[in-house]
Amino acid sequence: MRRWVLRGVGGQEDTAVGVETQVHADEGRAIVHVSGRLDLTDTAPLRNRLLKCLADQPEALLVNLARLTVREPLALAVFSAVARQAARWPAIPVALCAPEPHVRRSLSLAAYQRVPVYASVQAAKDGLPDHRAALRALSDELLPIAGAARQARNRATEACVLWDLPELVAPASLIASELVSNVIDHAGTMMTLRLTLRSRYLQIAVTDGSTAVPALQIVAPAQVSSGRGLMLVDATAHAWGWLPCNGGKVVWASLRTP
């Protein structure tokens, strides 16, 4: 079991932040215990911490609110925002657990009803579907060298053949190659390539050690002298984006399965 404490931004203590989070892994799920008093000024750092949990690609994100009080109910929108991101990538459920009665009343408003609420963490574990047995994933650690892009293409091809997705060999190989090339060109760090097959999507994600925000640059073909990177990813993928993670970021893309 992994367990760590995040306080403030970047894991450092921040007395200006009114909430504290404790996160641990539980059989593939990420369980986040949120405590303190939540107001609007806390939403940005709390959202950032929860997005970092998503970047680890758990099977579900359970948020325990048993020790949370809410100063401003509008701040609860942070959980809806995180749930929307989780639905896009990594396509996992988010559940809120054990809220105090006044928090539960606020969560019953229409704006928050899309995020399921459970009486306890155990109730959420029992109530959410368990897809771990059906989950298929391949990963590889890559050095920031020229051969890494070819290795990424090979790994994507291997995954598609293994999972009987011949139609996705070409687009998955292209996306994996371009995401890895982007790390080589702009981050220059070790990276992890991960391919995951979920019920509706093939997901391709590359985690690197840089916090620089990836930017989609639209240029004319005549101006392109090297890899076209995120332009090709944007044109090929069903969806793509990025999330902060501990020590860097993860850039992800998804392809619809046939």
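Calculation notes
Residues numbered from 1 in each chain as written. Predicted model: local features only at pLDDT ≥ 70, side-chain atom pairs only at ≥ 80, totals over all residues. Heavy atoms only, no water. Helix = DSSP H or I, 4+ residues; strand = E, 2+ residues; numbered from the N terminus. Buried < 20%, exposed > 50% of the residue type's maximum accessible area, 1.4 Å probe, protein only. Areas by Shrake-Rupley, 256 points an atom, 1.4 Å probe, with all protein chains shown as cover. Pairing = 2+ DSSP bridges. Axes fitted to C-alpha atoms, helices over the stretch in contact; angles between N-to-C directions. Contact = heavy atoms within 4.5 Å. pLDDT = per-residue confidence, 0-100. Salt bridge = Lys/Arg side-chain N within 4 Å of Asp/Glu carboxyl O. Right-handed = clockwise from strand over helix to strand, strands pointing away. Core = buried A, V, L, I, M, F, W, Y, C linked by side-chain atoms within 4.5 Å.

*Asks:* How would you explain the overall build of the chain if you had to name every residue and give the values?
*Replies:* A count of helical and extended segments in the chain gives 7 helices and 11 strands. Per-residue burial for the chain yields a buried fraction of 49% across its 258 residues. As presented, the chain carries roughly 12,600 Å² of accessible surface, and 52% of it is formed by carbon and sulfur atoms.

*Asks:* Got a sec to walk through the sheet that holds strand β10 (residues 239-245)? Specific residues and values, please.
*Replies:* Strands sit in the order β7-β8-β9-β11-β10 across an open sheet of 5 strands; the sheet is antiparallel. At either end of the open sheet lies a strand with only one pairing partner, and these are β7 (136-142) and β10. Across the sheet, the mean angle from the axis of one strand to that of its neighbour is 15°, orientation sign disregarded. Relative to strand β11 (residues 248-256), β10 runs antiparallel, the two sharing 7 bridges. By the bridge assignment for β11, Trp242 is matched with Val251. Relative to β10, helix α1 (residues 43-55) is tilted by about 115°, and along the sheet it contacts β10 and β11.

*Asks:* Lay out the confidence of the model for the chain with the relevant residues and their values.
*Replies:* Confidence in the prediction for the chain averages 88 pLDDT; 87% of positions are at 70 or higher. Scored below 50 in pLDDT, residues 222-227 shows 3 contacts in the model against residues more than four places distant or in partner chains.

*Asks:* So what's going on with the pattern of salt bridges? Residues and values would help.
*Replies:* Pairing is possible between side chains that carry opposite charge, provided their charged atoms lie close to one another. Across all of its chains, the model carries 7 salt bridges by this definition. One salt bridge in this structure joins Lys249 and Asp208, with 3.1 Å as the shortest N-O distance. Here the residue Lys249 occupies a position in strand β11, and Asp208 occupies one in strand β9 (residues 201-208), the gap between them amounting to 41 residues. When its relative accessible area of 6% is taken as the criterion, Lys249 is described as buried. Each of Asp26, Glu27, Arg29 and Lys125 takes part in salt bridges that share partners, so that together they form one network.

*Asks:* Outline the environment of Leu202, supporting the account with residue identities and numerical values.
*Replies:* Mapped onto the elements of the fold, Leu202 is located in strand β9. The class for Leu202 is buried, based on a relative accessible area of 0%. Separated by 55 residues in the primary sequence, Leu202 and Thr257 place their C-alpha atoms 6.3 Å from one another. Here Leu202 is in contact with Cys160, Trp163, Leu168, Ala172, Thr196, Leu197, Ala253, Ser254, Leu255 and Thr257, once residues within four sequence places are set aside.

*Asks:* Give me the pairing of strand β3 (residues 29-38): which residues, what numbers.
*Replies:* Burial analysis of β3 places 7 of its 10 residues in the buried class, the great majority of the element. Sheet topology places strand β2 (residues 19-26) next to β3; 8 bridges connect them, and they run antiparallel. Residue pairing across strands places Val19 opposite Gly36, the latter belonging to β3. Handedness of the crossover is the feature at issue here: the chain leaves β3, passes through α1, returns alongside strand β4 (residues 61-70), and the resulting connection is right-handed.

*Asks:* Could you give an account of the nonpolar core, naming the residues involved and the relevant values?
*Replies:* The biggest cluster of nonpolar side chains holds 38 residues, and the ones touching the most others in it are Leu61, Leu65 and Phe79. The biggest single contributor to this core is α1, with 6 residues. Those residues in contact with Phe79 that sit more than four places away from it in its chain are Leu38, Leu46, Leu50, Val63, Leu65, Leu68, Leu96 and Val115. Ala156, Trp163, Ala172 and Leu193 belong to the second largest nonpolar core, which has 30 residues in total.

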